[in-house]
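Chain by chain, the residues run as shown.
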Amino acid sequence: MSIKADCHLHSSFSGDSKAPMPEMIDKGISLGLETMCFTEHNDFDYPNTEEGPGSIFLLNTDSYLYDILRCRAKYEGKMRVLFGVELGLQPHLADRDEDFTSAYDFDFVIGSTHLCRGMDPYYPEYFEKFSSEEEAIRAYFAETLENLKCHDDYDVLGHLDYIVRVAPNKDKNYSYDKYKDAIDPILELLVHSGKGLELNIGSFRYGLRQPHPCTDILRRYHELGGEIITVGSDAHKAQDVGSYLDLASEILQLCGFKYYTIYEKRSPEYHKL
């Protein structure tokens, strides 16, 4: 395994996971990982749903940090345990998100679009608001671009085309070429701003044919001069830690990358593939 880090992990401190942090670290050690970065969800103004209140995605950051420090001590010499967060971006939250990230010494901040026009595409009602699946996907990319124009205090953009994971036809009718006009401005802004892109391999667990983002987007990001690529399984269970990392290495090399990135203290480290 050439990639020795999993930099997108959710434990029981995320509202959609019940996995104990030590259990996930034990799994990582068994796979030969050297670095694990937990990136618990924090989504301000997440809407209430039939599954529960939106407050389930508000992170108890002090308790989370306490467990990070405890695990660092327990696994010293066996695993580098990093303190990250996945922010659910919305255009009106830029100041609030920056106040939050500046209040803690995070190693790594993923900025992700989980909501579009205040709705989570995870729920079918989102797609029912649009005349077509394509219109719904385009709205999501437009929201992502607006998020990045408003936010600056993040390190990488998470799962750029997450929406196809939950679309009615998943990635059956999806391609970079079809949405190039909507995606290129996002990639150009990332490169211009010195921000990175996440290779999220959790997509394969959801039956997609491609990672997030798809390989054509990865190639385009590289063509535009993008070099910062982090890799994460997006695991919410111990059994999924480190999944598809070997495939991720192959994908990145085929797309022209020679290094993958790990953030510590908000500073990028480059590791040869």
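Residues numbered from 1 in each chain as written. Predicted model: local features only at pLDDT ≥ 70, side-chain atom pairs only at ≥ 80, totals over all residues. Heavy atoms only, no water.

Asks: Explain the packing of aromatic side chains here, please?
Replies: For any pair of aromatic rings, geometry is given as the distance between the ring centres together with the angle between the planes. A full pass over the atoms with the stated rule returns 18 aromatic pairs. Relative to Phe100, the ring of Phe44 has its centre 5.8 Å away and its plane inclined at 90°; by these criteria the two rings are edge-to-face. Here Phe44, found in the loop between strand 2 (35-42) and helix 2 (61-74), pairs with Phe100, found in helix 3 (residues 94-102); they are 56 residues apart in sequence, far enough to count as distant. A residue is classified by how much of its surface remains accessible, and Phe44, at 11% relative accessible area, is buried. A relative accessible area of 10% means that Phe100 is categorised as buried. Ring centres of Tyr104 and Phe106 lie 5.8 Å apart, and the angle between their planes is 50°; this geometry places the pair in the tilted category. Under the relative-accessibility criterion, Phe106 is labelled buried at 3%. Among the aromatic side chains, those forming a connected cluster through ring pairs are Phe13, Phe44, Tyr64, Phe83, Phe100, Tyr104 and Phe106. We note Lys195 situated over the ring of Tyr154; from NZ or CZ to the ring centre the distance is 4.9 Å. (Phe/Tyr/Trp six-rings, centres within 6.5 Å; stacked < 30°, edge-to-face > 60°. Helix = DSSP H or I, 4+ residues; strand = E, 2+ residues; numbered from the N terminus. Buried < 20%, exposed > 50% of the residue type's maximum accessible area, 1.4 Å probe, protein only. Lys NZ or Arg CZ within 6 Å of the ring centre and 35° of its normal.)

Asks: Quick question: what am I supposed to make of the UniProt feature "domain: Polymerase/histidinol phosphatase N-terminal" (unreviewed entry) in the chain here?
Replies: When the UniProt feature table is mapped onto this chain, "domain: Polymerase/histidinol phosphatase N-terminal" (unreviewed entry) is found at residues 5-91. Spanning residues 5-91, this segment combines 29% helix with 25% strand, and its end C-alpha atoms are found 31 Å apart. (UniProt positions renumbered as here; feature names shortened; annotations may be inferred.)

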